[in-house]
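# Commentary on secondary and tertiary structure
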Amino acid sequence: MAYENLIFEVEEKIALITMNRPKALNALNDDLLKDLNSALDDVESNAGIKGAIITGAGKAFVAGADISQMASYDPEQSRVYMTFAQKIFNRIEAIEKPIMAAVNGFALGGGNELCMACDFRYAGEKAIFGQPEVNLGIIPGFGGTQRLPRLVNSGVAKELLYSGRNITAEEALRIGLVSKVCPQDELLNEAKAIMKTIISKPAHALRYCKVAVNRGSDSDLYKALELEIDLISLCFSSPDQKEGMKAFLEKRPAQFKS
Ligand code: CO8
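In what follows, the accompanying structure is described. Please read all numbers here as calculations on a predicted model, not as lab measurements.

## Observations regarding the overall build of the chain
- A tally of helices and strands in the chain yields 11 helices and 10 strands.
- At 19 Å, the chain has a C-alpha radius of gyration in line with the 18 Å of a compact globule built from 258 residues.
- The C-alpha extent of the chain, read off along each of the three principal axes, is 65 × 40 × 35 Å.
- Sorting the 258 residues of the chain into buried and exposed places 45% on the buried side.
- For the chain, the proportion of contacts with a sequence separation of at least 24, taken over those separated by at least 6, is 69%.
- For the chain, the exposed area adds up to about 13,300 Å²; of that, 57% sits on carbon and sulfur atoms.

And the structure:
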């Protein structure tokens, strides 16, 4: 499918979704959000796609919600816009395939919220992160008040949310917002390399890891541990579990089917 505001490519079972509205630094207007939603349909339904990378074209990953679109909104219009964006970001967490962000530049407001909805983040050296909403007289609406304190500690999150200050890739690494900072020109290669490693693992194991972490972190510890038991029990019904353990015992590489 062709998209107007993003580029969708599939290479070696990995979808590369490049947000591509560079004249507005990939700001998330309705059209770009609709394209992203359709791209996620592809990622979810195409059995040939095992994982996805979201990145941005030009100097931005995503510079936020589209300020020119929302500047004149009334409360009801802002609710519709936020609900749509939140549904899409929630889908990134719900799709049972690994989805990472390769943050190439500005990831501000909705851009930081988009990368936080992904499973994990790599940053280029030039990436800039922040939740500058207070500077506009609003608070984050695409998940920032909830996902940021779940990823970094609550005090660090509040300092960033209250001050609206931007941080560099190095600071993002220090606070645990990203797992790796890459040389700018190597960002995509490094993202593809880790995704290639990840998708070589059995699909059911990846799926259950994602479900266990995402659902478990929103529930009480003992319920979450029960969920972990249910999911690992299910692993024992998979031929790939039999193959993985047999291969270990036979001292040879596993040949996974999924
Ligand atoms: N929305 C719309 N247009 C944008 C945005 C944006 N978020 N960011 C940049 N642009 C546009 C600029 O207006 C400019 O357009 P033009 O060339 O027509 O004037 C073009 O992109 C290039 O931008 P700059 O000239 O500003 O580029 P610089 O390199 O000088 O600066 C910055 C880059 C620092 C990223 C700067 O553009 C900036 O600060 N952008 C805004 C960042 C921001 O505040 N983002 C948060 C938005 S709010 C949000 O995401 C909350 C979501 C939930 C709320 C929903 C409520 C309904």
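## Quick look at the pattern of salt bridges
- Inspection of every chain in the model, using the stated rule, returns 15 salt bridges.
- The residue Glu159 makes a salt bridge to Arg165 at a minimum N-O spacing of 2.7 Å.
- The class of Arg165 is partly exposed, set by a relative accessible area of 30%.
- A salt bridge links Lys180 to Glu190; its shortest N-O distance comes to 2.7 Å. Of this pair, Lys180 sits in strand S10 (residues 180-182) while Glu190 sits in helix H8 (residues 187-199), and the two are 10 residues apart along the sequence.

## Remarks on the nonpolar core
- Core analysis: the biggest nonpolar cluster contains 50 residues, and Leu36, Ile54 and Phe129 have the highest contact counts within it.
- Looking at this core, the element that brings in the most residues is helix H1 (residues 30-45), giving 6 residues.
- Core analysis: the next-biggest nonpolar cluster, separate from the first, contains 13 residues, Leu16, Ile53, Met100 and Cys182 among them.

## With respect to the packing of aromatic side chains
- With the rule as written, the count across this model stands at 5 aromatic pairs.
- With a centroid separation of 5.9 Å and an interplanar angle of 55°, the aromatic rings of Tyr3 and Phe8 are classed as tilted.
- Owing to a relative accessible area of 12%, Tyr3 belongs among the buried residues under this scheme.
- With a centroid separation of 5.8 Å and an interplanar angle of 85°, the aromatic rings of Phe89 and Phe142 are classed as edge-to-face. Remark: Phe142 occurs in the loop between strand S8 (128-130) and helix H5 (144-151) and Phe89 occurs in helix H3 (residues 75-94); sequence separation between them is 53 residues.
- By way of ring pairs, the aromatic residues Tyr73, Tyr81, Phe89 and Phe142 are connected into one cluster.

## As for the sheet that holds strand S7 (residues 120-124)
- What the 6 strands build is an open sheet, ordered S1-S2-S3-S5-S7-S10; its pairing is mixed. Two strands lie at the open edges of the sheet, namely strand S1 (6-11) and S10, each paired on one side alone. Each adjacent strand pair in this sheet contributes to an overall mean axis angle of 20°, direction not counted.
- Pairing analysis gives 6 bridges linking strand S2 (residues 14-19) to strand S3 (residues 51-56), with the strands arranged parallel.

## Re a negative patch on the surface
- A cluster of acidic residues, Glu125, Glu170, Asp185 and Glu186, forms a negative patch on the protein surface.
- By secondary structure assignment, the location of Glu186 is in the loop between S10 and H8.

## Thoughts on the packing of H5 against helix H6 (residues 154-163)
- As a packed pair, H5 and H6 sit with axes 7 Å apart at the nearest point and diverge in direction by 140°. Classified by the angle between their axes, H5 and H6 sit oblique to one another. Once H5 is placed against H6, the crossing between them reads as right-handed. Here H5 contributes Gly144, Thr145, Leu148 and Pro149 to the contact with H6, which in turn contributes Ser154, Ala157, Leu160 and Leu161.
- Residue classes in the contact of H5 with H6 are distributed as 5 nonpolar, 3 polar and no charged.

The rules behind the values
- Residues numbered from 1 in each chain as written.
- Predicted model: local features only at pLDDT ≥ 70, side-chain atom pairs only at ≥ 80, totals over all residues.
- Heavy atoms only, no water.
- Helix = DSSP H or I, 4+ residues; strand = E, 2+ residues; numbered from the N terminus.
- Rg over C-alpha atoms; globule rule 2.2 N^0.38 Å.
- Buried < 20%, exposed > 50% of the residue type's maximum accessible area, 1.4 Å probe, protein only.
- Contact = heavy atoms within 4.5 Å.
- Areas by Shrake-Rupley, 256 points an atom, 1.4 Å probe, with all protein chains shown as cover.
- Salt bridge = Lys/Arg side-chain N within 4 Å of Asp/Glu carboxyl O.
- Core = buried A, V, L, I, M, F, W, Y, C linked by side-chain atoms within 4.5 Å.
- Phe/Tyr/Trp six-rings, centres within 6.5 Å; stacked < 30°, edge-to-face > 60°.
- Pairing = 2+ DSSP bridges.
- Axes fitted to C-alpha atoms, helices over the stretch in contact; angles between N-to-C directions.
- Patch = residues over 30% accessible without salt bridge, like charges linked within 9 Å, V, L, I, M, F, W, Y side chains within 5 Å.
- Lys, Arg positive; Asp, Glu negative; His and termini not counted.
- Charge placed at Lys NZ, Arg CZ, Asp CG, Glu CD.
- Parallel < 35°, antiparallel > 145°, perpendicular 65-115°, else oblique.
- Left-handed = near helix turned anticlockwise from the far one by under 90°.
- Nonpolar A, V, L, I, M, F, W, Y, C, P; charged D, E, K, R; others polar.

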